[in-house]
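Observations on chain architecture
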Amino acid sequence: MQDEVGESDTTPQLNHGESVNVEQQRKKLKQYMDMSIESIFETNQLNNMERTVDTIYHHSGDALETPILGDLKKQLTGLKDKIPSLLSSINSAEAERESLCKQNPDLPTKLSQVKLALQADESKLSELTSEEARLEVEIRKLIEKKESVLSQKASAAESVERRKQKMEELKDIEAIIKKAEYSCFQKRNELSKVNATINVTLMDAKRVLFK
C-alpha cells in the first residue's frame, strides 16, 4: 500500500449540507488504519486522516460509531503534539545507540569476559565469606575458652596468695617452735651442768658422810 492515500484527501472538509459518500470515507479510514502512526505522520497524512474521521463522524448517523469516532478524533488531535516529541526521542536514542555500538564493537566479548571474571570473583567472595564465618566461630570458641582460662587463672592466683599467707603463718609458728626448742635445749644443757655439779658434790658428800 502506498504511504499517501490519495490527493482528494487534502481537500477542505465538506460542509454538512453537501453529499458525502460515507462508505468511501470508511475505506480511506481503513487504509489509514492499516498504516503505522509513524508512516502517517512522516507522510503528512495525519491531517487528512483527521478530516476523514471528522467527515464520517458528522455524516455517519450510527449511534454506535459516533462515540468511537469522537474518541478517535480527540486522540488524533493529541497525537499532533505528542508524535513529534516521541519520534525525536526515538531518533536521539537510536543515534546514541549506533554511536555507542561503533565506539564499542567488541562489547559482547568484553561483557562475556567481565561476566566470567565476575563469576570467579563472586565464587572467591563466597568462599572467603564462608571461611570468615568459620573463623568467627573458632574465634568465639577461643574467646570463651580464654575467658574460662582467665577465670581459672584468677582463682588459682587467689589460691596461691592464700597458700603463701598460710605458709608465712606456718613458718612464723615453725620459727617460734624452733626458738622454743633451742631454749629448751639450752635449759637442758644448763640443767645437765647443774646436775653434774650437784652429782660431784653429792659424791664428795657421800664419801665424807658415809665412810
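Residues numbered from 1 in each chain as written. Predicted model: local features only at pLDDT ≥ 70, side-chain atom pairs only at ≥ 80, totals over all residues. Heavy atoms only, no water.

Within the structure shown, the criterion is met by zero aromatic pairs. Taking the ring centre of Tyr57 as reference, the NZ or CZ of Lys73 above it sits at 4.5 Å. (Phe/Tyr/Trp six-rings, centres within 6.5 Å; stacked < 30°, edge-to-face > 60°. Lys NZ or Arg CZ within 6 Å of the ring centre and 35° of its normal.)

Attention now moves to the nonpolar core. Listed in full, the 12 residues of the largest apolar core are Val22, Leu29, Tyr32, Met35, Ile40, Leu46, Met49, Val53, Ile56, Leu69, Leu72 and Leu76. Going through the elements one at a time, α1 (22-33), α3 (46-59) and α4 (65-103) are the ones with two or more residues in this core. When residues of this core are assigned to their parent elements, the largest contribution, four residues, is made by α3. Excluding residues that lie within four positions of it along the chain, Leu72 makes contacts with Met33 and Val53. (Core = buried A, V, L, I, M, F, W, Y, C linked by side-chain atoms within 4.5 Å. Buried < 20%, exposed > 50% of the residue type's maximum accessible area, 1.4 Å probe, protein only. Helix = DSSP H or I, 4+ residues; strand = E, 2+ residues; numbered from the N terminus. Contact = heavy atoms within 4.5 Å.)

Turning our attention to the packing of α1 against α3. Between α1 and α3, whose axes approach to 9 Å, the crossing angle comes to 145 degrees. The chirality of how α1 crosses α3 is left-handed. On the side of α1, the interface is formed by Val22, Gln25, Arg26, Lys28, Leu29, Tyr32 and Met33, while α3 contributes Asn48, Met49, Thr52, Val53, Thr55, Ile56 and His59. Of the residues belonging to the contact of α1 with α3, the class tally is seven nonpolar, five polar and two charged. (Axes fitted to C-alpha atoms, helices over the stretch in contact; angles between N-to-C directions. Left-handed = near helix turned anticlockwise from the far one by under 90°. Nonpolar A, V, L, I, M, F, W, Y, C, P; charged D, E, K, R; others polar.)

Attention now moves to α1. Spanning 12 residues, α1 covers 16 Å between terminal C-alpha atoms, matching the ideal 16 Å at 1.5 Å per step. Taken together, the buried positions of α1 are Val22, Gln25, Lys28, Leu29 and Tyr32. Buried residues of α1, seen end-on, are gathered within an arc of 115 degrees and therefore sit on one face of the element. The N-terminus of α1 is capped by Asn21, whose side-chain oxygen sits 3.3 Å from the backbone nitrogen of Glu23. (Expected span 1.5 Å × (residues − 1). Arc of directions from axis to C-beta. Polar contact = N/O pair within 3.5 Å; in protein donor to acceptor, adjacent residues only side chain to side chain.)

Right, let's get into the pattern of salt bridges. All told, the structure shown has eight salt bridges when counted by the stated rule. The partner of Arg134 in a salt bridge is Glu131, with the nearest N and O atoms 2.4 Å apart. Remark: Glu131 and Arg134 occur in helix α5 (residues 107-209); sequence separation between them is three residues, near one turn of the helix. Overall, the relative accessible area of 38% leaves Arg134 in the partly exposed class. You can call Glu131 partly exposed: its relative accessible area is 33%. Taking the shortest distance from any N to any O, the salt bridge between Lys178 and Glu174 comes out at 3.8 Å. One end of the pair, Lys178, and the other, Glu174, are both in helix α5, four residues apart, so they sit about a helical turn from each other. Classification of Glu174 as partly exposed rests on a relative accessible area of 40%. One connected set of salt bridges, linked through shared partners, spans Glu131, Arg134 and Glu138. (Salt bridge = Lys/Arg side-chain N within 4 Å of Asp/Glu carboxyl O.)

None of the figures reported here should be taken as evidence of function without further support.
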